[in-house]
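Given next are the chains, with one letter for each unit.
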Amino acid sequence: MREVDGVIAHRLASGVPLVGSVSQYIISAGGKRLRPALLLLCCGALGYTGAQRFNMAAVVEFIHTATLLHDDVVDESELRRGAPTANARFGNPASVLVGDFLYSRAFQMMVEAQSMRIMQVLADATNIISEGEVMQLMNMHNAALDEAGYLQVIRSKTAKLFEASARVGAILSGATPEQEEACASYGQAMGTAFQVIDDVLDYAGDAAVMGKNLGDDLREGKTTLPLIAAMQRGTDAERATIQTAIETGDLSMLDAVVAIVHKTGALDVAKASARGEAERAIEAAKQLPPNEYSACLIHLATQLLERNH
């Protein structure tokens, strides 16, 4: 990861000062670097040690960071990882345009891998992520969204880049088709579980630990799995309360919604869904050669359910 950070710092260089300022601000704000880590771990599990893995790990982090810049503008978010978002600090126009710079820089770096297969995987993933964002936008304040629709959004918006990161690691390694699919399945399952737990934390987390405002999903009118499960299990009155809160984005209703989510056991339903995805990831990782890297992939999936930020 130190090598990846070195590539990131080098490739953020731009002759336009504002590009560098915004890019450095959001990249240096921290983050879990999960997507590049998955790529590196899949390379390790399959025995690839070439330097190109550092470049491709930086590429997936750039794509992820670009989506964050655009997401925070769309969602009007003001806090991420305990600090003001780039759009709060630099304004919406700068955030959107620097997000575009990061996308285009990622595509410049993809070409250097000289692999049409890698370009295809990452280009397709970037397109599907955009579709997922639009699907989410269309479903804002839609209390009728069901679990299948919710999963379609998060598998496109979040899980697709996890899947692509792991798949690129396999492609770099010259993996068999079976190994490549195992890596891709692992990434998709991990990305899905990650997002479900993220949505759980919006109603059960600690704002100070998470570094974001609780209730942001409700304010934005996002119908996430905890709310879907609560509406399925609650009384008519409780269902009506949640529907109204989603449709209006009224944060004054947050305490009432949180109480219903807890009372109905909706968080347990969502956690069980995430656990199922984590188990799917573990089964996929077991199809890779047994070594310290595949063991780490299994450990990551196990630990995912314990995350609190």
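In this report, the structure presented in the accompanying data block is examined. Throughout, residues of each chain are indexed from 1 in the direction in which the sequence is written. Residue-level local features of this predicted model are given only where pLDDT is at least 70; pairs of side-chain atoms are given and counted only at 80 or more, and the full residue set underlies all totals for whole chains, interfaces and linings. Think of the side-chain values as coming from all heavy atoms in the structure, minus any hydrogens and water.

1. Concerning helix 14 (residues 254-263)
Think of it in three bands: residues with accessible area under 20% of the maximum for their type are buried, residues over 50% are exposed, and the middle band is partly exposed, with areas taken using a 1.4 Å probe on protein chains only. Counting from the N terminus, the helices are the DSSP runs of H or I reaching at least four residues and the strands are the DSSP runs of E reaching at least two. Burial in helix 14 covers these residues: L254, V257, I260 and V261. Across the axial projection of helix 14, the buried residues extend over an arc of 125°, all falling on one side. Away from the buried face of helix 14 by more than 90 degrees, exposed residues D255 and K263 are located. Any two residues whose heavy atoms approach within 4.5 Å are treated as being in contact. Along its buried surface, helix 14 packs onto helix 9 (177-204), helix 11 (216-219), helix 12 (225-233), helix 13 (236-248) and helix 15 (266-285). Among the residues trailing helix 14, G265 stands out with phi positive, at a value near 75°. Directions pointing from the helix axis toward each C-beta atom define the arc.

2. Focus: the pattern of salt bridges
Opposite charge on two side chains permits pairing when their charged atoms draw close. The salt bridge criterion pairs a side-chain nitrogen of Lys or Arg with a carboxyl oxygen of Asp or Glu, the two atoms within 4 Å. On inspection of all chains with the given rule, the structure shows 16 salt bridges. The partner of R33 in a salt bridge is D5, with the nearest N and O atoms 3.3 Å apart. Pair noted here: R33 is in the loop between helix 2 (17-27) and helix 3 (34-45) and D5 is in helix 1 (residues 2-11), with a separation of 28 residues, a long-range link. A residue is classified by how much of its surface remains accessible, and D5, at 34% relative accessible area, is partly exposed. Here K160 and E163 are joined by a salt bridge, their closest N and O atoms 3.2 Å apart. Here K160 pairs with E163, and both are found in helix 8 (residues 147-172), just three residues apart, close to one helical turn. The residues K160 and E163 share a single accessibility class, namely buried. Within the structure, one salt-bridge network assembled from shared partners comprises R117, K160, E163, R167, E180 and E181.

So, to be careful, I would describe these as geometric facts and stop short of saying anything about function.
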